[in-house]
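# Notes for the structure review
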Amino acid sequence: MSEPEKKEVSEKEKETSKQDEKEKDTAQGGKKSPVSGKAKPGSGKRSGTPSKGNKGAAEKGRATPKGNTKAKTKEDVKAPTPDPTGEGEEEEEGLPEGCVPLFMSAKSQEIFGCTCDVDVTEENPIKVIMKADIMEDFFNRAAVCDFHPVKQAVQDFPSDEIVIVYDPDFKFGQNFYIAITEEAKEKILNPFGPEGEGEAGAEKEEEVVYKYIPPESKEWVSHGSEKEIKEENVVENRRRIKISARRIRKEFGAPCNFQDRNVADAKDAYVECTAYEDRTYDLKKIELDKSVQAVPVLVEEGTNTDWRYPRNANTQYYPREFSDKEKETIEKSTDLQTFAKDMVPRFELALQQNEIMDVFYIDWLHLGDADGSFGNKADNHLKEYQSFTDLQFSKDRTITAIQWHPTIKGVVAVAVAEKLSFDERIDNCAKVIMTPSLILIWSFTDPIHPQLLLEAPDDIYSFQFCPSDPNIICGGCYNGQVVLWDISAHADRLKQQRGSNRNKKSNVLPGFEDPNALKTPVVRYCAVSSIENSHRAAITDIQWVPDHMELNRMGVPQENKGLQCCQIMTCATDYCVLVWDTRPVKGPGQLITTKETDKGPKNPIGVPNTFKHLDLSWKPVLKVTLHKSEPGGDHSPVKFSIQERQGDRGSLGKATDGTDLSKEAAMGGGFYTKPGSGKDKRTLQSVKTHFYVGTEDGEIVYVDWMPQKDQDTGKIQTPKPDFYHAIHDGPVNTLQRSPFFKDVVLCVGGWTYTIWKESINSGPILQSSASTVKLSAGHWSPSRPGVFYIAKVDGSVDVWDLLDKTHEPCMTQNVSPVPITSLYPFPVSQKQHLMAVGDTAGTLHILEIPWSLRQPTANEYTGISNYFEREVKRRAFVVSRWDFREIEKRELEQEHKRKMGIAPNVQLSEEEIEYRQKQEYAAYIDEENTFLRELGLKDDDEPLPET
């Protein structure tokens, strides 16, 4: 044989050997033997040099795939490939009957506890596996399970235990073989059955000797696969695009004004990219290359997609219209004229019916919703009446305060603020300054656009309409300043009905409206307090002093003869409550200007001059500092509540002359300056100067706002609180007096609420259990004495009825998907009560209160009054039991001392007390000197000081 022929034969042998390897890998499911320290005899066969010792085993273990119809050649005979027809005969010679070869990977060996050469060895090759474990592996790994080729045999196996045998030398082609019949299992477990059979079998097995030949290491030969992998990798073939957007520094955060313009006027306005057919992409792919990553590798890379075949996705920019000729043809067509004649009468009838009644009203759905019926569906839940939100000013902001207009029905104002913490405000101070701080005034006549926007220097956290003049609004800012607005010029706008602000009587064409009439006016504040004399923290509560009283610089309540609200009380977490006077400093008798000529705009920016005398120079007239009874800081007020209320002028009948006031002040050691026009003012003796304060630490403080002379320092300052209780587990967010009982206060804070009664200092008369959700706000019902509402941070509202039950709410209703910040029920009319609910998403929900919650039951006021009296008696009994237990405890301690032989406390004389104090001081000096010597600050020879 010549050299080329020998080379050709050797190449064919290699190809046949590779084909045999692929067939075996296919039969084994692509798995390799994990036997540690040993290799398959087939490895020698692949190299073309099988040994004599393991040639038979290798031929027995070869599994030829079924359906292989490849023709044999002379080179195939030379290769160590067994004849498929002799497979059954070879298996019958060595493999026990009822057994099947099985390949088990390292993962399967670990799962079933049969690791080669560890759990099973040549000396102890048998392993018993539970059938249930194999079925569980089928369920977990499905076809990946190594028992999958004998799945049916395992399922049909009658016993619960299955035997596998370790085949270290791959005599039967795999590293294990499994018994699939009961007879084979018994034969493996009991090889020595009847006498003589076991010995003969043992002698027969000892005749076969297999020799292990370790595999030979060979150099790796590249077939070009690494080039294919490299070609399939995604690489950046162009530089990344960098875009830089710049803007002038002074325009940061400035509002954007967009307007329409013609495309033809600007060159860079619009570029049309029309679609086109690219024939280079009409080719069909005959062959598709795909690659699979064998080992997952974490790679972080970026790429810019190269869009080689773009298609335009556009929106119609200019309406497509008929030509003049087409319009003329359509207008003259008979079909259009016939259609118009048929439809015009029906259209006119529908318009007339819609003016008279709602033709789309479904009577069946609203059957039984009348006010006269009791117990229907409308009386059992709060119905959503309307909701307000502004996409520009209130979206993604939190509503901090809600106030209904006192006189105009259907008008409600809300204050919105940024959802930022103190640290975030410091980081984004420039952005916060550029963002407008507003109060939005909504009207039911226009649920889309607010009627007015009140501009403030900073976010408003509390505001209130003036009770005597609703056109005056006061607000407290986040930076501690007090702000005043005058909306007299826009009062008519709030009273207009839906759509009446549109210019219908103008000479414009029908269907067109005046665009200026639809714009929401922005009202700038009239006056703001000086930053030096304002609060040092955010103002969290603000209230107008009732119009029949006013406070002087000593906190004494006096008669207000003008009956106009002229003073404001504010509180913040800077440990104080301030009282502000809106009148000019000179002439305290002057009231708020009510002339229309003075309230109109008199300057270029349109700000009324109502409070021009206060702007940037406004100072408080009284400061109430909340000191603690013991050292350790002061109280941080968040909410407060005074007993005197607007409209209750019974205290005017008990007023006294101002001369008595000076005597009382002299007796108390106080000194104050009378106002110039205050000689004829009377003192309101029946006005209670004590008020409740809720703090940031969850404390309820009861303090007098009138300053007194301190016995220790001699200074005129706010006295120490009468009492305070740290009873809430979070900041107090609501402190409101009942509209039916002046001395009953609802307090909400943390996860609990409490009800307090004035003159009861030992604690609340009612305290709720801790809720699972934090409480965010609360409010008394304006029409029912025993009903109040509690808002929670999960967006729900609890309705409490003390006549029904006091341990849990009588109704809980979900209102918003985000936390609720404030709520305010308000009687719009006798037959309709609405509740405004604000949340952290900037949405104002208006809920209609059902009949059962707005109509008081018979003798409800008397029942609630009796309930409060019973709770007061219960509280007094609790206090008496506390005193009794304290006395009992002292008596027990004295009895214990008497039994122990300890003498009772003896009253010492002054000389004995002085002698004991000197001894204690001398002991203290000795201990101090010893300590200084240990520190090296004093020498041992230094004389001691005389005591």
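Residues numbered from 1 in each chain as written. Predicted model: local features only at pLDDT ≥ 70, side-chain atom pairs only at ≥ 80, totals over all residues. Heavy atoms only, no water.

## Some words on the overall build of the chain
Quick reminder of the rule: Secondary structure is summarised from DSSP: a helix means a run of H or I of at least four residues, a strand means a run of E of at least two, and numbering begins at the N terminus for each. What makes two residues a contact is simply this: any of their non-hydrogen atoms within 4.5 Å. Each accessible area value is a Shrake-Rupley result obtained with a 1.4 Å probe; residue values ignore everything except the protein chains displayed when judging cover.
Counting its regular elements, the chain contains 22 helices and 39 strands. The contacts of the chain with a sequence gap of at least 6 include a subset with a gap of at least 24, amounting to 63%. Total accessible area computed for the chain in this model is approximately 60,000 Å², and 52% of it derives from carbon and sulfur atoms.

## Here's the deal with helix α9 (residues 182–189)
Applied cut-off: A simple rule labels every residue: compare its accessible area, found with a 1.4 Å probe on the protein chains alone, to the largest value its type can have, and call it buried under 20%, exposed over 50%, or partly exposed in between. Think of it as the arc spanned by the lines of direction from the helix axis to the C-beta atoms.
Those residues of α9 that fall on the buried side of the exposure criterion are Ala-184, Lys-185 and Ile-188. Viewed along the axis of α9, the buried residues span an arc of 100 degrees, placing them on a single side of the element. Opposite the buried face of α9, at more than 90 degrees from it, the exposed residues are Glu-183 and Lys-187. For α9, the secondary structure elements touched by its buried residues are β1 (99–102), β2 (126–130), β3 (161–166) and β4 (176–179).

## Re the nonpolar core
Applicable threshold: We call a set of buried residues a nonpolar core when its members are Ala, Val, Leu, Ile, Met, Phe, Trp, Tyr or Cys and they connect through side-chain atoms within 4.5 Å of each other.
Core analysis: the largest hydrophobic core is formed by 22 residues, its most contacted members being Ile-441, Phe-463 and Trp-485. Residues in contact with Ile-441, not counting those within four places in the same chain, are Val-411, Val-412, Ala-413, Pro-450, Gln-451, Leu-452, Leu-454, Ile-473, Ile-487 and Leu-494. Judged by nonpolar contacts, the second largest core, of 21 residues, contains Val-624, Phe-640, Leu-652 and Val-701.

## Digging into the packing of aromatic side chains
For clarity, the cut-off: Aromatic rings from Phe, Tyr and Trp, taking only the six-membered ring of Trp, are treated as a pair when their centres fall within 6.5 Å; an angle between ring planes under 30 degrees marks them as stacked, one over 60 as edge-to-face, and anything in between as tilted.
Per the counting criterion, the structure on display carries 23 aromatic pairs. Centre to centre, the rings of Tyr-461 and Tyr-478 are 5.5 Å apart; their planes meet at 40 degrees, and the pair counts as tilted. With a gap of 17 residues between them, Tyr-461 in strand β10 (residues 460–465) and Tyr-478 in the loop between β11 (472–477) and β12 (482–486) connect regions that are remote in the sequence. According to the relative accessible area criterion, Tyr-461 is partly exposed, its value standing at 23%. We classify Tyr-478 as partly exposed; its relative accessible area is 21%. Taken together, the ring pairs connect Tyr-385, Phe-388, Trp-404, Trp-442, Phe-444 and Phe-826 into an aromatic cluster.

## Overview of the sheet that holds strand β25 (residues 699–704)
Note the cut-off: Only when DSSP finds a minimum of two bridges between them are two strands counted as paired. Lines fitted to C-alpha atoms define the axes here, with helix axes fitted over just the stretch in contact, and angles between the N-to-C directions of these axes take values from 0 to 180 degrees.
Sheet architecture is open: 4 strands sit in the order β21-β24-β25-β28, paired in antiparallel fashion. Looking at which strands have only one partner, the edges of the open sheet turn out to be β21 (637–641) and β28 (723–726). Sheet twist, expressed as the mean angle between neighbouring strand axes with direction ignored, is 20 degrees. The pairing of strand β24 (residues 690–695) with β25 spans 5 bridges and is classified as antiparallel. For His-690, the partnering residue across the bridge sits in β25 and is Asp-704.

## Focus on the sheet that holds strand β38 (residues 832–839)
In space, the 4 strands of this open sheet follow the order β5-β39-β38-β37, with antiparallel pairing throughout. Edge positions in the sheet fall to β5 (383–388) and β37 (820–829), since each of these pairs with one other strand and no more. Each adjacent strand pair in this sheet contributes to an overall mean axis angle of 25 degrees, direction not counted. Pairing of β38 with strand β39 (residues 844–848) involves 5 bridges; the strand directions are antiparallel. Bridge pairing in β39 links Met-835 to Leu-847.

## Brief notes about the side chain of His-635
Here is the rule we go by: Whenever two N or O atoms come within 3.5 Å, that pair is a polar contact, provided that in protein one can donate a hydrogen and the other can accept it, and provided that, for residues adjacent in sequence, both atoms are side-chain atoms.
Relative to the helices and strands, His-635 is located in the loop between β20 (620–625) and β21. Overall, the relative accessible area of 0% leaves His-635 in the buried class. Reaching out from His-635, the side chain makes a polar contact with the side chain of Glu-699 at a distance of 2.7 Å. With near-sequence residues (within four places) excluded, His-635 lies in contact with Tyr-575, Leu-626, His-627, Lys-628, Thr-695, Glu-699, Val-701, Pro-721 and Tyr-724.

## Thoughts on the pattern of salt bridges
Stated precisely, the cut-off is as follows: Each salt bridge in this description consists of a side-chain nitrogen of Lys or Arg and a carboxyl oxygen of Asp or Glu lying within 4 Å of one another.
For the structure shown, the criterion picks out 19 salt bridges. Glu-550 is the salt-bridge partner of Arg-583, the closest N and O atoms lying 3.0 Å from each other. Of this pair, Arg-583 sits in the loop between β19 (576–581) and α18 (596–599) while Glu-550 is found in strand β16 (residues 549–551), placing the two residues 33 residues apart along the sequence. The network of salt bridges with common partners includes Glu-550, Asp-581 and Arg-583.

## Description of the confidence of the model for the chain
Short version of the rule: The predictor rates its confidence in each residue with pLDDT, a number between 0 and 100.
Of all residues in the chain, 73% have pLDDT values of 70 or greater, and the mean over the chain is 77. Below pLDDT 50 for its whole length, residues 1–9 participates in 4 contacts with residues either more than four positions away or in separate chains. Counted against residues more than four places away or in other chains, residues 195–203, with its pLDDT under 50, gives 3 contacts.

## A look at the pairing of β25
Counting buried positions along β25 gives 6 out of 6 residues, so the element sits mostly inside the fold. Where β24 hands over to β25, the hairpin turn is made up of 3 residues, of which Gly-698 adopts a positive phi near 80 degrees. Alignment of β25 against β28, held across 4 bridges, turns out to be antiparallel. From the neighbouring strand, Ile-700 faces β28, where its bridge partner is His-725.

## Some words on the side chain of Asp-146
Position of Asp-146 among the secondary structure elements: in the loop between α7 (131–141) and α8 (151–156). At 2.8 Å, the side chain of Asp-146 forms a polar contact with the backbone nitrogen of Ser-105. Among the polar contacts listed, one links the side chain of Asp-146 to the side chain of Ser-108, at a separation of 2.5 Å.

## Observations concerning unusual backbone geometry
The backbone phi angle of Phe-170 is positive, close to 55 degrees, even though this residue is not glycine. Tracing the chain through its elements places Phe-170 in the loop between β3 and β4. Since its relative accessible area comes to 2%, Phe-170 is described here as buried. For Leu-616, which is not a glycine, the phi torsion comes out positive at approximately 65 degrees. As for its position among the elements, Leu-616 is in the loop between α18 and β20.

## Considerations on a nonpolar patch on the surface
Inclusion rule: Note on patches: the residues involved have over 30% relative accessible area and no salt bridge, like charges join within 9 Å, and the nonpolar side chains Val, Leu, Ile, Met, Phe, Trp and Tyr join within 5 Å.
Together, Phe-322, Ile-330, Leu-336, Phe-339 and Met-343 line one region of the surface with nonpolar side chains, adding up to about 460 Å² of accessible area. Sort the elements by how many residues they give to the nonpolar patch and helix α13 (residues 334–356) lands first, with 3 residues. Checked against the element boundaries, Phe-322 lands in the loop between α11 (225–232) and α12 (324–331). Taking the relative accessible area as the measure of exposure, Phe-322 reaches 52% and is therefore exposed.

## Describing a negative patch on the surface
This is how the line gets drawn: When charges are counted, neither His nor the chain ends are considered; positive counts come from Lys and Arg and negative counts from Asp and Glu. For charged residues, the charge sits on one atom: NZ in Lys, CZ in Arg, CG in Asp, CD in Glu.
On the surface, a cluster of negative charge is contributed by Glu-226, Glu-228, Glu-231 and Glu-232. Residue position: Glu-232 is located in helix α11.

## Some remarks on the pairing of β11
Burial analysis of β11 places 6 of its 6 residues in the buried class, the great majority of the element. Residues Ile-472, Cys-474 and Gly-476 of β11 are buried on one face, and the alternating residues Ile-473, Gly-475 and Cys-477, pointing to the opposite face, are buried as well. Across 5 bridges, the pairing between β10 and β11 is antiparallel. Across the sheet, the residue bridging to Phe-465 is Ile-473, located in β11. In this antiparallel pair of consecutive strands, β10 and β11, the connection spans 6 residues. Pairing geometry for β11 and β12, over 5 bridges, is antiparallel. Across the sheet, the residue bridging to Ile-472 is Asp-486, located in β12. Adjacent in sequence and paired antiparallel, β11 and β12 are bridged by 4 residues, among which Gly-480 carries a positive phi angle near 95 degrees.

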